[in-house]
Amino acid sequence: MSCGDRLKVVLITGRSIKQGKSKDVGKFFDEYREAIAVCEMNPTDMETLSIPEGGYIDVSSPYGSITVLAKPSPDIPSGVVFIPYGILVNTIIPPDTDGTGIPRSKGLEVWITPSAKHLPDLKFIVKSIGGV
Amino acid sequence: MIIPSIVVEEKAAEYTIEDVICPFCGCCCDDIIVSVKDGRIIDVRNACTLGASKFLHIDEGRLLKPKIGRFESAREASLSEAIETVVGLLKDSYYPLFYGWACTSCEAILLGLDLAEILGGAIDNTSIVCHGPTILAGQDLGLITATLGQVKNRADLIVFWGCNPLEAHPRHIARYSVSSKGRFISGRRDRKVVVVDVRRTNTARIADLFIEVKPGYDYEVLSALKMLVRDLDLEVDEVGGIPVSKLEELADMMVEARFGALFFGTGLTMSRGRDKNIEAAIELVRCLNFKTKFVLIPMRGHFNVTGANEAFTWRTGYPVSIDFSQGYPRYLPGETTAVDILRRGECDLFFVVASDPISHMPRRAVEHLSNIPVITLDPKLTPTVYLSDVAIPVAYTGIEVDGSVYRMDTVPLRMRKIVDPPPGILPDTEILRMILEKVRGCV
Amino acid sequence: MKDALLIRNGVVYDPMNGVEGEVMDIAIKDGVIVEAIDERKAKVIDASGMLVMPGGVDIHSHIAGSKSNIGRLLRPEDHRRSYEPKTALTRSGVGHSVPSTKTTGYRYARMGYTTVFEAASPPLKQKHTWEELNDIPIIDKATLTVMGNNWFIMDFISQGRIEDAAIYAAWLLKATKGYGIKIVNPGGVEAWGWGGNVYDLDELVPYFGITPREIVEGLCKINSMLNLPHTIHVHVNRLGMPNNCWTTLRTAHTVRKAFGGGKLLIHITHCQFSGYAGSTWTTLRSGAEYIAKYVNSVDHISLDMGQVVFTDTTTMTGDGPLEFRLFQSLAGKWANADVEVETGAGIVPIRYSRRSYVGTIQWAVGLELALLVNDPWRIVLTTDHPNGGPFTAYPRVISWLMSSKARSKVMERVNRRALKYTALPSIDREYTFTDIAIVTRAAPAKLLGLKRKGHLGVGADADIAIYDLDPRKVDPSVDYRRVRRALRRAAYTIKGGRIVVVKGEVVEDIPGRSIWVDVDIPEDKVEELLREVKPRFEEFYTVKLRNYPVPEDMILNPSPIKINPSI
């Protein structure tokens, strides 16, 4: 569902080969950041928001907002996006567990907007978690 | 009981070790061949890209010395100073939370349980952000499962539901499920493969049948399948975005299978419904067992998260989320679970072993760490290490130190030491024992 | 430990050495019973007016390993009703029917039990069994290795390669650090790999061209070829089904026909669950009389009771199809865990109710077996913990054996119609203290071939239980409650010469020993066989041969018994 230059979609998080491979090399290396700062989107949805290939998007939920690279993927249905696990996507996941102990990391409704910002520095993110 | 590392004797400068167990995912493939030269790993064969990456990059991004201080104010410290600081912090804490435990040995996990019990704190493992719901369902209903060899030898129907083994458990396909060969099955030709997911994953490409389900509708779909398996009619045309005719096709495949195996992952555990999704899957498999043979097996992400569940359970009766504050093990999902304790700001110290919760828990939960001391034992420089007030480097379990681990299907394995850790770096079992000794001395 | 200990003036029951209620001293030095010690240098326990027995030996109990842990996982509600906070000397724990590891050790020790055999462990998961046993304090432990549905054993037997089967079995015992050959629903659990079962000794196991009879006879032959200290330990086919006592008898008899009498050949475990007559659940009868009659007329068979207690408990067994059937009737929780190539497991919570017709028959059968079998050396007290009830119920079972009045009291409140179909109301026999000392200590030790357990002779391990009960003054037939209370909390439990329990409280938490048999087969024979087996092993299993055995350094305080086989 699109609202001007915003699109509401369902967020799925999960593992990817690239994310898995690069996490054991080191989480502060560029390869890892690239692996987790990516959002697979349906190409039609990208068109709706006029996001070019290689363009950045902001993904927002009531809990926060992150900037990631938009990557077209015909395997993703319209209205769904996929971002690999990591410190970035966890910024926008709700902490409530509804008494189960596990956060609801899949199926969250989020808003996508085109972004002019760049990929964040992971150390900066960790510091902001630590209140710095 | 602590199992000492096998001392690596004088070996030739270059040698090869076979039947090595891979310390990455819950597959724990035990046919890895590692070549070592001058004490470093130079080649890995048979491992998938994930496992190979771990073996070949143990030297990069490594924490080489204990550090005290957060972020850029961190300074190097000696091991004894780091241990003293840790013990001081533990003594001053009222309700410490011990977390992680998925990427280390059961020997270390038991020491963590010792520590949490002595200090009257809480202890949890990474299952709670992954297969916690499977555990809840397992407690309420009981899992109907089998070791992976049953699948290899007998299964003619494989269903992957909410999991993507091609990207998260790559060798599962060839070693255990889709194209494995066994006594009664000669390979891929003897099997049908079904993938159920919200998107067409890479795993879906190798399936005979791919079913796309609307996100958040797995519970309805599993319930509908259960009805079909029981020969009840569905009075709708579609469930969860799937036409009933497709569901009937799947139900027939399941009932007609000689031995069916349902593998499931975080697609079910993390979506709307969580543990109820797993309950629905268990109920479906129960019904199927009245008509044929069917099992379900959770796809565990880390090489010893299953071991963490096993060790927690034999020692305390519960597989996750233990609170020792009353002097005995208590377990209450939502109360004693790590994410909830952090979210409510209830713990006053966070002690992490073999995990990176800052990367893997929701931000709002870990923001509490800006208020309390954080201690981490890890081989690598991770976001959690970066934020820690004290971080002590440790050896890699399964590469630099022996350890007992449990595969995703609860088969126990003993990992071996392949190479020495860098000088001065000890196994986490040693560090934990040192801390325990000092803590016992003052409690 | 070099401590010298003297137990003075106790009323001693040591049936293995012919001592039946004699007042005498027992001297201990370096963890072993000795002829005499220097009193001045010894710690002295005044056991005047107290019952002294060897430490209890539990021949069959499910305390550790994969299915026990699944049981713990399945029963958080069972844990909440029974927990033990930590103390200065002991660790915390939980569990009524499936206690956690530390609690298991403490509870056995408090009752004066000092040796426990884990009843069934699948070789593939044996490392798990040992990790848990290592975590259980105080008691000495051993495990029985399941073989009755093992693909390699079945293949060798059906191909007539009995010597190779024996070598493989010996290797399995060594690889698992096991003590003996356990058989669970032979052939049936393999059939359960396809969702089926076997229902008759002569039914062919699908795809394997072998029958349960051939499996039992084959393993019985292997057992004697290897000179193992215990006989084959058998959970028979059709367990838990009406009219199964005939299968039990036919199983027992088949080995006698094959190998003759004159020595022990088979141990039928938790015989109560295999002791039913009557063709359906509604016409269920006790079959205990038939079994007892047979046992009394032969000399090659021993049993353990598998007594049911009216309580909430957890069933767990390698007999997967049995548990599925139980789930079908109870419709509650059900966990299943097949183990490739080897066996299975099922776990289902259960409540045995006095008012239930079936429950009453089950309760009666266990007691009838113990009371009708004449030779106490061939029957052992168990509840098949936790299947019939938790092991903490043993003192209650003992009181039923010793007191007809205690039994009558229970019989007043059970299903009266069911009682009519049992022999129990007409049985007057009451066990003496000697009988109890036999069925809980001497007999299991003897049947297991544990030369240093179950008795108080010179050279025995100093594992001793002292109860605050004067057998000369207490009539157990009348004062059964007093007996029960005393047996629940030992006045003293001594383990390896160390005082571990005083007045029912654990005072020292020490590790026990791990007992296993080391069958001395020539290495070249084993290697040759493994070389042949390796390709098929690695085709069937999902682990490599090298990663399968339990590493020696994984066993805490190993106490192997070297055995010379006849091959």
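In every chain, residue numbers begin from 1 and rise along the written sequence. Each chain takes a letter, starting from A, and each ligand takes a number, starting from 1, following the order in which they are written. In view of the model being predicted, local features appear only for residues whose pLDDT reaches at least 70, and side-chain atom pairs are presented and counted only at 80 or more, with totals across whole chains, interfaces and linings using the full set of residues.

Chemist: Describe the sheet that holds strand S18 (residues 374–378) of chain B, with residues and values.
Modeler: Residue and element names in this part refer to chain B. Spatially, eight strands are ordered S5-S4-S19-S18-S17-S6-S7-S16 in an open sheet, and the strand pairing comes out mixed. The sheet is open, and its two borders are formed by strand S5 (75–76) and strand S16 (322–323), each paired with just one other strand. A pair of strands counts as paired when DSSP detects no fewer than two bridges linking them. Secondary structure counts use DSSP, requiring at least four H or I residues in a row for a helix and at least two E residues in a row for a strand, with both numbered from the N terminus. Across four bridges, strand S17 (residues 349–353) lies against S18 in parallel orientation. The partner of Phe-350 across the bridge, within S18, is Val-374.

Chemist: Could you give an account of the interface of chain A and chain B, naming the residues involved and the relevant values?
Modeler: Counting residues at the interface gives 47 residues for chain A, matched by 56 residues for chain B. Only strand S2 (6–14), helix H1 (17–23), strand S6 (80–84) and helix H4 (122–129) of chain A provide two or more residues apiece to the side of chain A that touches chain B. The biggest single contributor to the side of chain A that touches chain B is H4 of chain A, with five residues. In terms of residue class, the side of chain A that touches chain B is built from 22 nonpolar, 16 polar and nine charged. In this description, a residue-residue contact is defined by the distance between C-beta atoms placed from the backbone, which must lie within 7 Å. Just so you know the grouping, Ala, Val, Leu, Ile, Met, Phe, Trp, Tyr, Cys and Pro go in nonpolar, Asp, Glu, Lys and Arg go in charged, and all remaining residues, Gly too, go in polar.

Chemist: I'd love a proper account of the interface of chain C and chain B, names of residues and values included.
Modeler: Each side of the interface is counted separately: chain C has 51 residues, and chain B has 52 residues. Contributing elements (two or more residues each) for the side of chain C that touches chain B: helix H1 (66–74), helix H2 (76–80), strand S7 (83–84), helix H4 (126–135), strand S18 (335–338) and helix H18 (523–540) of chain C. Counting residues per element, the side of chain C that touches chain B draws most heavily on H4 of chain C, which supplies six residues. For the side of chain C that touches chain B, the class distribution of residues is 21 nonpolar, 14 polar and 16 charged. As paired strands, strand S8 (residues 144–146) of chain B and S18 of chain C are joined by three bridges and run parallel to one another. Following the sheet pairing, Ile-144 of chain B is matched in S18 of chain C by Asn-336 of chain C.

Chemist: Could you give an account of the arrangement of the chains, with specific residues and numbers?
Modeler: With two pairs of chains in contact, the largest contact count belongs to chains A and B. In this structure chain A stays clear of chain C, and the shortest span between their C-alpha atoms is 15 Å.

Chemist: Can you explain unusual backbone geometry? Please cite residues and give values.
Modeler: In the segment running from His-385 of chain C into Pro-386 of chain C, the intervening peptide bond is cis, with an omega of -5 degrees. Inspection of the secondary structure assignment puts Pro-386 of chain C in the loop between strand S20 (379–380) and helix H13 (394–402). In this model, Phe-71 of chain B sits at a positive phi of 50 degrees, which is unusual for a non-glycine residue. Mapped onto the secondary structure, Phe-71 of chain B falls in the loop between strand S4 (67–68) and S5. Even without being a glycine, Ala-354 of chain B presents a positive backbone phi close to 55 degrees.

Chemist: Before we move on, can you summarise the sheet that holds strand S3 (residues 40–45) of chain B with the specific residues and values?
Modeler: Residue and element names in this part refer to chain B. Read across the sheet, three strands follow the order S1-S2-S3 without closing on themselves; strand pairing throughout is antiparallel. Edge strands, defined here as strands with exactly one partner in the open sheet, are strand S1 (14–20) and S3. Averaged over all pairs of adjacent strands, the angle between their axes in this sheet comes to 25 degrees, without regard to strand direction. Direction of pairing for S1 relative to strand S2 (residues 32–37): antiparallel, over a ladder of five bridges. In the strand pairing of S2, Glu-14 is matched with Lys-37. To obtain each axis, a line is fitted to C-alpha atoms, and for helices this fit is confined to the stretch in contact; angles are then taken between N-to-C directions over 0 to 180 degrees. Contacts from helix H1 (residues 49–56) reach S2 and S3 within the one sheet, and its direction differs from that of S3 by about 170 degrees.

Chemist: So what about the domain arrangement of chain B? Which residues, and what values?
Modeler: Residues and elements named next belong to chain B. Marked domain ranges trace back to an automatic or database domain assignment. According to the domain assignment, chain B contains domain 1 (14–56), domain 2 (67–129 + 304–442) and domain 3 (132–298). Every contact between the two is made by seven residues of domain 1 and, on the other side, six residues of domain 3. Looking at the side of domain 1 that touches domain 3 residue by residue, the classes come out as five nonpolar, two polar and no charged.

Chemist: For the nonpolar core, give the residues involved together with the corresponding values.
Modeler: Buried Ala, Val, Leu, Ile, Met, Phe, Trp, Tyr and Cys residues form a nonpolar core when they are connected through C-beta atoms within 7 Å. Put plainly, a residue is buried at 20 or more neighbouring C-beta atoms within 10 Å of its own, exposed at 12 or fewer, and partly exposed in between, counting only other residues' C-beta atoms, which are placed from the backbone. Ranked by size, the top nonpolar core spans 378 residues in total, and within it Ala-281 of chain B together with Val-52, Ala-169, Leu-369 and Ile-466 of chain C carry the most contacts. Among the elements that line this core, the one with the most residues is helix H16 (residues 433–448) of chain C, at ten residues. Residues within four places of Val-52 of chain C in sequence aside, it is in contact with Ile-7, Gly-10, Val-11, Val-12, Ile-26, Ala-47, Ile-464 and Ile-466 of chain C.

Chemist: Can you lay out the environment of Ala-74 of chain B for me, pointing to particular residues and giving the numbers?
Modeler: Residues and elements named next belong to chain B. Note on placement: Ala-74 falls in the loop between S4 and S5. The sequence separation of Ala-74 and Leu-387 amounts to 313 residues, and the corresponding C-alpha distance is 9.4 Å. Residues within four places of Ala-74 in sequence aside, it is in contact with Lys-67, Ile-68 and Gly-69.

Chemist: Break down the packing of helix H3 (residues 106–119) of chain B against helix H17 (residues 428–442) of chain B for me, with residues and values.
Modeler: Residue and element names in this part refer to chain B. For the pair H3 and H17, interaxial distance at closest approach is 9 Å and the crossing angle is 20 degrees. Of the possible angle classes, the one that applies to H3 and H17 is roughly parallel. Considering only the axes of H3 and H17, their crossing is left-handed. The residues of H17 that touch H3, namely those facing Glu-107, Ala-108, Leu-111, Gly-112, Asp-114, Leu-115, Ile-118 and Leu-119, are Asp-428, Thr-429, Leu-432, Arg-433, Ile-435, Leu-436, Val-439 and Arg-440. The residue inventory of the contact of H3 with H17, partitioned by class, reads nine nonpolar, two polar and five charged. An angle counts as roughly parallel when it lies under 35 degrees, as roughly antiparallel when it exceeds 145, as roughly perpendicular when it falls between 65 and 115, and as oblique in every other case. Each helix crossing is assigned a hand: it is left-handed if the near helix lies turned anticlockwise from the far helix by less than a right angle, otherwise right-handed if that turn is clockwise.

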